[in-house]
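Chain and residue survey
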Amino acid sequence: MDFNLTEEHLMIQQAARDFAQNELLPGVIERDEKQIFPTEQVKKMGQLGFMGMMVDPKYGGSGLDAISYVIAMEEISKVDASASVVMSVNNSLVCWGLQEFGTEEQKQKYLPGLASGEIHGAFCLSEPEAGSDATSQKTTAVDMGDHYIVNGTKNWITNGNTASVYLVIAQTHPELKHKGINALIMTKDMPGFAIGPKEQKMGIRGSDTHSLMFSDVKVPKENRIGEDGFGFKFAMKTLAGGRIGIASQALGIASGAYELALKYSKERKSFGTEICNHQAIAFKLADMAVNIEAARHLCMKAAWDKDQHKNYDVSGAMAKLFASQVAMDTSIEAVQIHGGNGYVKEYHVERFMRDAKITQIYEGTSEIQKIVISRSVIAG
């Protein structure tokens, strides 16, 4: 085992760190408060290669490994989780799903723009009655021969209004249940495609989250990903990798909150000394450091499994389950260490605390991760 990062990994880490500090940090509080999507910042992420990190260079991507992706996600998320979730969805769900399972024509048509950041994508699985129970798809895609007619509603879609490419999961053969589901590539200019109001969220407020409505949308047959009925399997395989991205986002939120708390504890004085010298604070910092390091190793292990073409369903679930809890615990304690200042926006940690919660919910709740893990350990 080698726990050292390669020279290339260190360069990626530094580039992501510099970008986060120089491009994301200015204005991050205002974007959160006013729910402003980081349009220019996302374009710059694309120019730096962060929007298509694992995409083959022949399709305009960076051709990097999953470990590089985890490293970059952590650094971006240390500053702005709203920007990092755009990066995560585009990389883990949209680009990876298209590259792994799309036709050559689909790859040539969509991947170059997605990988460069000129456009970005959305992954459309959740519905009003199909969150954790993803098999209960009510959105329908009726087979009309050379095209599908799509009707239904999708909820809580990241990049809902700003995306150009939408991967939509819909039921074609209800009698086959999850084996009758398809994955279709859709664009917002298709007649009958409507976008609902922006969600008013507690955290990741700069992220663009909307409901989508489809009313007799005509989708060409060539826009289907994989064979007829492959949609549910496509969604599950894609989400397994997406969990590595969200685990890395949670890790970054925890790391960012910890670094701010550590810095503050060395500056703030009480009872005649810096508060880091009080055991009550020092022990909080120790717990933070241990948990973040453990979360980082779980994220790296899951990424390594993916790079080695091993099954990463369980390692990804473990990473997301643990890292999301660490994000919550660390951000709460960071607010506590800041005291009254922790409740004030200018110190950033209250935003980290609000942003952390969603990492326990989207791309599979913590309860779903426990189902994945427990089934594996019981089966042996």
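Residues numbered from 1 in each chain as written. Predicted model: local features only at pLDDT ≥ 70, side-chain atom pairs only at ≥ 80, totals over all residues. Heavy atoms only, no water.

You'll find the protein chain entered in an unreviewed UniProt entry as Acyl-CoA dehydrogenase, with Flavobacterium azizsancarii given as the organism. Quoted verbatim from the Cofactor (unreviewed entry) heading of the UniProt record, the comment on the protein chain is "FAD". Here the protein chain is described in UniProt, under the heading Sequence similarities (unreviewed entry), as follows: "Belongs to the acyl-CoA dehydrogenase family." (UniProt positions renumbered as here; feature names shortened; annotations may be inferred.)

Here the focus is the nonpolar core. One finds M45, M87, L98 and L167 to be the most contacted residues of the largest nonpolar core, which totals 91 residues. Per-element accounting of this core gives the leading share, 16 residues, to helix α7 (residues 231-267). Not counting the four nearest positions on each side in its chain, M87 is found in contact with M45, F50, M51, M53, Y69, A72, M73 and I76. (Core = buried A, V, L, I, M, F, W, Y, C linked by side-chain atoms within 4.5 Å. Buried < 20%, exposed > 50% of the residue type's maximum accessible area, 1.4 Å probe, protein only. Helix = DSSP H or I, 4+ residues; strand = E, 2+ residues; numbered from the N terminus. Contact = heavy atoms within 4.5 Å.)

Where strand β2 (residues 140-143) meets strand β3 (residues 147-158), four bridges bridge the pair, whose relative direction is antiparallel. Note on β3: the bridge partner recorded for T140 is N151. (Pairing = 2+ DSSP bridges.)

Bringing helix α4 (residues 66-77) into the picture now. With twelve residues, α4 should cover 16 Å at 1.5 Å per step; its first-to-last C-alpha distance of 16 Å lies within 8% of that length. Across the twelve residues that make up α4, a large majority, twelve, are buried. What α4 keeps buried is the set A66, I67, S68, Y69, V70, I71, A72, M73, E74, E75, I76 and S77. (Expected span 1.5 Å × (residues − 1).)

This paragraph deals with the environment of M328. Turning to its location among the elements, M328 is positioned in helix α9 (residues 313-338). Spatially, the C-alpha atoms of M328 and D313 are 23 Å apart, while their sequence positions differ by 15 residues. Leave out the neighbours within four places in its chain, and M328 touches M353, A356, K357 and Q360.

Time to look at the pattern of salt bridges. A full pass over the atoms with the stated rule returns 18 salt bridges. The closest approach of N and O atoms between K34 and E30, which form a salt bridge, is 3.2 Å. In this pair, K34 and E30 both sit in helix α2 (residues 28-34), four residues apart, roughly one turn of the helix. Residue class for K34 comes out exposed when judged on its relative accessible area of 54%. Ionic pairing is found between K269 and E274, a salt bridge with its closest N-O pair at 3.9 Å. Taken together, the salt bridges that share partners define one network made up of R17, E75, K78 and E259. (Salt bridge = Lys/Arg side-chain N within 4 Å of Asp/Glu carboxyl O.)

Right, let's talk about the side chain of S84 for a bit. For S84, the position within the fold is in helix α5 (residues 81-101). A polar side-chain atom of S84 sits 3.2 Å from a polar atom in the side chain of Q249. Every residue in contact with S84, bar those within four places of it in the chain, is listed here: M73, I76, S77 and Q249. (Polar contact = N/O pair within 3.5 Å; in protein donor to acceptor, adjacent residues only side chain to side chain.)

Consecutive side chains along a regular strand alternate between the two faces of the sheet. Among the six residues that make up strand β5 (residues 181-186), six are buried, leaving the element largely enclosed by the rest of the structure. On β5, burial covers both faces: I181, A183 and I185 on one face and N182, L184 and M186 on the other are all buried. The pairing of strand β4 (residues 165-171) with β5 spans six bridges and is antiparallel. Looking at β5, one finds that A170 is bridged to N182. Strand direction decides the pairing type here: β5 and strand β8 (residues 224-225), joined by two bridges, are antiparallel. Within β8, the residue paired with A183 across the bridge is I225.

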